[in-house]
Amino acid sequence: MKKVFFALLFVFTAGLLSAQPLMDYGKVMEYTLVDVHVHGCQQVDSSVIKLISGLPITDKITIPGEKTADAIDNIWKENMFEDVRIEVCRIEGEYIWLDIIVVEKPKIGSVTWGKIKKSEREDLEEKLGRLPGLMLTEYRKRFIIETCNEHFRSDGYLNCQTILTEKPDPILVGRFTLNINVIKGKKVKISELYITGNKDFSEGKIRRTFKDTKRKRFYTFFKSSKYLEENLEKDEAKLLAKYHKKGYRDAKIVRDTVYVSKSNPNRVIVEVEISEGNIYHFGTITWIGNTKYSSEELDKRLGIAKGDVYNQELLDSRLYMSAQGNDVSSLYMDDGYLFFQISPVEVNVHGDSIDYEMRIYEGRQATIRNVTVVGNTKTNDKVIMREIRTRPGQLFRRSDVIRSQRQLASLGYFDPEKIEINPKPNPYDGTVDIEYRVVERPSDQVELSGGWGANRIVGTLGVSFNNFSTKNFFNASSWRPLPSGDGQKLSIRAQSNGLYFQSYNASFTEPWLGGKKPNSLSVTFYHSVQSNGLKASDENRQDVKITGASIGFGKVLKRPDDYFQIYAELNYQYYQLNKFASVFAFSDGYSNNISARITLSRNSTDQQIYPRSGSSIKLIGQFTPPYSVFNNKDYTELSLQEKYKYVEYYKWKFTSSWFTRLAGNLVLNTRIGFGYLGMYNQEVGLSPFERFYLGGSGLTGYALDGREIIADRGYDDQSLTASRTGSPIIAKYTWELRYPVSLNPSATVYGLAFVEGGNTWNSIKAFNPFDVYRSAGVGVRVFLPMFGLLGLDWGYRFDDVPTAPFMQKSQVHFTIGMNLGEL
């Protein structure tokens with residue numbers, strides 16, 4: 001600061017010498033400052049400069065002195081000028097007049113760009129901010145150059161250069177047109193990655209750890225080989241984590257070197273030197289501070305024995321972060337010990353062994369005081385609170401919090417990626433408040449689609465209101481556009497292709513019958529007509545009419561766990577046939593199908609749209625009364641109409657779907673399904689209804705006889721059905737590898753690759769679960785809240801079908817719905 005002061009003082013005195021050569025500058029003189037005049041201003045108001053200088057008009061000042069030096073310093077700090085001087089204007093006795101002379105820095109009038117893409121220019125403009133009107137200082141020039149270079153270097157253009165040129169504005173004085181010319185150059189790729197110092201890990205294994213730092217090879221076209229310093233640092237951290245996981249506690253990166261290839265300036269060579277160190281093992285582990293659980297119980301929960309290879313990641317997961325909830329912290333927190341803390345301390349390192357002390361602070365058990373929900377704008381609080389497992393007055397349990405999050409995600413009313421749970425503990429009174437934050441998403445759906453059935457296009461129009469409220473049905477203010485918020489489901493759907501086919505159905509579900517327990521009630525009505533296309537008044541008309549209804553009751557079980565549910569349903573279908581013989585065993589008459597269906601299921605998936613963990617298992621039994629056992633009729637003598645007046649059968653289905661998170665959001669979905677349709681009496685024979693049809697997309701328009709149409713991608717629709725009238729036995733296996741493109745609730749998108757196989761059989765003797773038709777392919781799924789799940793798949797078949805010799809080798813399939821076409 002002193003150097004600056006004396007330099008300014010020198011400038012000032014030099015100015016005085018030039019202005020008043022007759023003054024005696026060897027003395028410090030005191031004057032009364034009469035006025036200050038500012039010269040050189042074009043953009044800045046001169047009165048502002050006088051104010052900034054701080055020179056005291058009418059006060060005494062010394063020449064030379066601190067006040068004039070401070071005035072120059074104050075003006076320089078504004079960073080608006082290239083030169084600042086103070087000169088003596090005139091002196092009359094003890095009075096003095098001063099001049100402040102400034103040279104303003106130029107301002108940016110407009111900005112032009114060199115040859116870069118519009119999108120790149122817009123990104124840079126967003127990072128640089130608005131430049132016109134700003135002073136063109138050296139700092140701002142450096143900021144512009146560094147921002148542009150860093151923007152492109154982060155994308156692999158390491159040789160990027162930014163050149164600035166200034167041109168005076170011909171109209172506006174003191175303004176310049178700034179041209180920013182960014183020369184990106186070519187992307188710099190990694191030609192070689194050399195690993196040295198490794199002994200126990202092969203160079204190939206280490207290279208595979210470097211996911212974002214790849215050598216340029218002809219087979220790496222799916223993975224970029226561009227060099228980025230931050231990617232190298234991340235990959236080195238992953239490598240050290242891998243070493244530490246294998247017991248190499250002292251492993252470290254000795255050095256990394258990056259230099260330009262001599263043969264190609266757009267290629268770099270990366271060298272990484274590693275020091276592996278020795279393999280360590282866990283030594284003695286002792287527990288201190290535990291009173292709730294014995295050391296033996298904690299040893300068992302930790303699952304690490306003396307002599308095991310040292311693994312810091314494993315130790316942390318067993319203490320704090322197990323995805324399965326079987327860590328030591330969960331043991332305490334599931335019993336109310338919210339304030340529990342554990343600190344693993346290395347107390348001794350001897351040879352290749354590390355002894356630990358697990359120092360525990362148990363604290364007191366925490367009681368839940370308040371439970372609140374924030375963010376629900378449509379769904380009523382009671383619908384959310386009845387799904388939450390944490391209740392005021394209960395002990396805090398971590399498992400209850402996790403389960404509550406899963407329950408809210410499974411409702412389908414909220415964005416599962418944005419559900420937040422915020423415990424607010426109070427250690428002074430041993431209580432905790434829990435706040436659940438949710439973000440509503442659209443859950444109602446409109447189905448407007450076309451399918452193919454009976455060689456004709458079938459149009460479908462349907463609406464599903466998945467958060468309906470019957471209580472507010474007659475409340476006009478609740479219609480926005482329909483009364484909602486109580487978690488009920490109302491669905492109305494119609495299908496038609498004109499005179500040939502019409503179908504109408506409506507269903508309603510109350511998931512909490514009575515409002516106190518999760519007991520569901522479902523009611524469904526449906527009616528369909530298929531004909532040969534003639535009007536009802538035409539005597540040559542052929543048609544079949546089906547009218548049906550069902551009522552079901554579901555209950556959540558507590559044993560073996562509360563993921564289990566039992567659902568019982570009573571179904572009735574009435575078939576009326578008029579000269580219709582294309583599908584059924586008889587052409588005129590009627591048939592009654594009265595059946596009871598019982599479903600035992602367990603669903604532990606973490607959410608509906610894109611599950612990452614959990615499973616869904618169902619065992620379904622459907623039965624009609626065994627009429628032939630107690631009606632004493634001789635079925636060998638009966639007509640087909642009499643024989644099927646009351647249909648009898650029993651049917652079993654087993655399906656399972658498992659979701660396994662492989663890495664991040666990469667998920668493997670494994671599905672297995674079996675179905676069997678049986679008969680009570682050989683004389684009655686197999687029911688003509690409820691049979692299985694396999695092959696294609698599973699979206700074939702419509703089904704009249706209770707048939708189940710199952711997808712098997714890569715094959716023609718229903719081409720894998722053992723009989724034209726359907727098959728009583730089916731098996732299907734599917735493996736899908738899924739990865740999300742977008743988890744946005746307004747448009748969830750994920751890609752998949754699949755392998756699947758399936759087949760049908762006409763008898764139990766012919767059944768062979770390993771004799772299946774195989775296929776593989778890729779696909780994409782798009783979930784739109786208004787339309788549900790839409791799918792597009794390309795499948796390639798590996799096996800020939802004897803009954804379809806001209807079938808194409810590959811198929812493209814379109815699907816609609818969450819589980820349509822799945823067994």
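**Side note on the overall build of the protein chain**
And then number 1: Helix and strand counts for the protein chain stand at 14 helices and 34 strands.
And then number 2: Relative to its length of 823 residues, the protein chain is extended, with a C-alpha radius of gyration of 40 Å against a globular reference of 28 Å.
And then number 3: Projected onto its principal axes, the C-alpha coordinates of the protein chain cover approximately 145 × 80 × 65 Å.
And then number 4: Buried positions account for 44% of the 823 residues belonging to the protein chain.
And then number 5: Once local pairs closer than 6 in sequence are excluded, the contacts in the protein chain between residues at least 24 apart make up 59%.

**Section: unusual backbone geometry**
And then number 1: A cis geometry characterises the amide bond from Arg559 onward to Pro560, with omega recorded as -5 degrees.
And then number 2: Counting through the fold element by element, Pro560 comes out in the loop between strand E22 (543–556) and strand E23 (564–578).
And then number 3: Phi at Thr58 is positive, roughly 75 degrees, even though this residue is not glycine.
And then number 4: Along the chain, Thr58 turns up in the loop between helix H2 (46–53) and strand E2 (60–63).
And then number 5: For Thr58, a relative accessible area of 57% translates into the label exposed.
And then number 6: Despite not being glycine, Lys579 has its phi angle at roughly 55 degrees, a positive value.
And then number 7: As for its placement among the helices and strands, Lys579 is situated in the loop between E23 and strand E24 (589–603).

**What about the sheet that holds strand E8 (residues 189–196)?**
And then number 1: Across the sheet, which stays open at both edges, the three strands sit in the order E8-E10-E9 with mixed pairing between neighbours. Either end of the sheet is taken by a strand with one partner, and the two such strands are E8 and strand E9 (252–260). Looking at each pair of strands side by side, their axes are set apart by 15 degrees on average, direction ignored.
And then number 2: The sheet contact formed by E8 and strand E10 (residues 267–275) spans seven bridges and is parallel. Bridge pairing in E10 places Ile195 opposite Val272.
And then number 3: Against the sheet, helix H7 (residues 229–245) touches E9 and E10, its axis set at about 150 degrees to E9.

**Things to note about the packing of aromatic side chains**
And then number 1: Per the counting criterion, the structure on display carries 25 aromatic pairs.
And then number 2: Between Phe674 and Tyr733 the ring centres are 5.9 Å apart and the planes differ by 80 degrees, which places this aromatic pair in the edge-to-face class. Taken together, the residues span a long stretch of sequence, with Phe674 in strand E27 (residues 666–678) and Tyr733 in strand E30 (residues 729–744) at a distance of 59 residues.
And then number 3: Among the residues examined, Phe674 registers a relative accessible area of 29% and is labelled partly exposed.

**Some thoughts on the packing of helix H4 (residues 118–128) against helix H5 (residues 138–153)**
And then number 1: Contact pair H4 / H5: the axes reach a minimum separation of 10 Å and the direction vectors enclose 135 degrees. Between H4 and H5, the interaxial angle falls into the category oblique. Crossing hand, H4 versus H5: right-handed. The residues of H5 that touch H4, namely those facing Glu120, Asp123, Leu124, Lys127 and Leu128, are Phe143, Ile144, Thr147, Cys148, His151 and Phe152.
And then number 2: In the contact of H4 with H5, the residues fall into six nonpolar, two polar and three charged.

**Some points on the pattern of salt bridges**
And then number 1: Applying the stated rule across the entire model yields 37 salt bridges.
And then number 2: Salt-bridge contacts for Arg121 lead to Glu125; the nearest nitrogen and oxygen are separated by 3.5 Å. On the criterion of helical spacing, the pair formed by Arg121 and Glu125 is a turn pair, its members being four residues apart in helix H4.
And then number 3: What makes Arg121 partly exposed here is its relative accessible area of 27%.
And then number 4: With a closest N to O distance of 3.9 Å, Asp235 and Lys238 form a salt bridge. Linking Asp235 with Lys238, this pair stays in helix H7, spanning three residues, or about one helical turn.
And then number 5: Residues joined in a network through salt bridges with shared partners are Arg671, Arg713, Glu736, Arg738, Glu756, Arg781 and Asp793.

**Some remarks on the side chain of Ser601**
And then number 1: Assignment of secondary structure puts Ser601 in strand E24.
And then number 2: Apart from the residues lying within four places of it in its own chain, the contact partners of Ser601 are Tyr563, Phe564, Gln565, Ile617 and Lys618.

**Thoughts on the pairing of strand E31 (residues 747–761)**
And then number 1: Of all 15 residues that make up E31, 11 are buried, and the element is covered over most of its length.
And then number 2: As defined by bridge partners, E30 adjoins E31 across 15 bridges and the pair is classed as antiparallel. Pairing of Glu736 across the sheet is with Phe754, part of E31.
And then number 3: The turn joining E30 and E31, which pair antiparallel and follow one another in sequence, is formed by two residues.
And then number 4: Examined bridge by bridge, E31 and strand E32 (residues 773–784) share 11 bridges and lie antiparallel to one another. Bridge pairing in E32 links Thr748 to Phe783.

**Details of the pairing of E10**
For a regular strand, the rule is simple: side chains alternate between the two faces of the sheet.
And then number 1: Here E9 pairs with E10 via eight bridges, running antiparallel. Residue pairing for E10: Val260 is matched across the bridge by Val268.
And then number 2: If you look at the hairpin formed by E9 and E10, you'll find six residues sitting between the two strands.

**Focus on the packing of H2 against helix H3 (residues 66–77)**
And then number 1: Taken N-terminus to C-terminus, the directions of H2 and H3 make an angle of 125 degrees; their axes are 8 Å apart at the nearest point. Here H2 lies oblique to H3, going by the angle between them. Of the two elements, H2 crosses H3, and the hand of that crossing is right-handed. Residues Ile49, Ile52 and Ser53 of H2 pack against Ala71, Asn74 and Ile75 of H3.
And then number 2: Split by residue class, the contact of H2 with H3 holds four nonpolar, two polar and no charged.

**A look at the environment of Ile96**
And then number 1: Within the fold, Ile96 resides in strand E4 (residues 95–104).
And then number 2: Along the chain, Ile96 and Leu33 lie 63 residues apart, while their C-alpha atoms are 5.2 Å from each other.

**Considering the environment of Phe674**
And then number 1: As a C-alpha pair, Phe674 and Pro626 span 48 residues in sequence and 23 Å in three-dimensional space.
And then number 2: Phe674 has contacts with Trp652, Lys653, Phe654, Ile730, Ala731, Tyr733, Phe767 and Leu823, leaving out every residue within four places of it along the chain.

Rules of the game
- Residues numbered from 1 in each chain as written.
- Predicted model: local features only at pLDDT ≥ 70, side-chain atom pairs only at ≥ 80, totals over all residues.
- Heavy atoms only, no water.
- Helix = DSSP H or I, 4+ residues; strand = E, 2+ residues; numbered from the N terminus.
- Rg over C-alpha atoms; globule rule 2.2 N^0.38 Å.
- Buried < 20%, exposed > 50% of the residue type's maximum accessible area, 1.4 Å probe, protein only.
- Contact = heavy atoms within 4.5 Å.
- Pairing = 2+ DSSP bridges.
- Axes fitted to C-alpha atoms, helices over the stretch in contact; angles between N-to-C directions.
- Phe/Tyr/Trp six-rings, centres within 6.5 Å; stacked < 30°, edge-to-face > 60°.
- Parallel < 35°, antiparallel > 145°, perpendicular 65-115°, else oblique.
- Left-handed = near helix turned anticlockwise from the far one by under 90°.
- Nonpolar A, V, L, I, M, F, W, Y, C, P; charged D, E, K, R; others polar.
- Salt bridge = Lys/Arg side-chain N within 4 Å of Asp/Glu carboxyl O.

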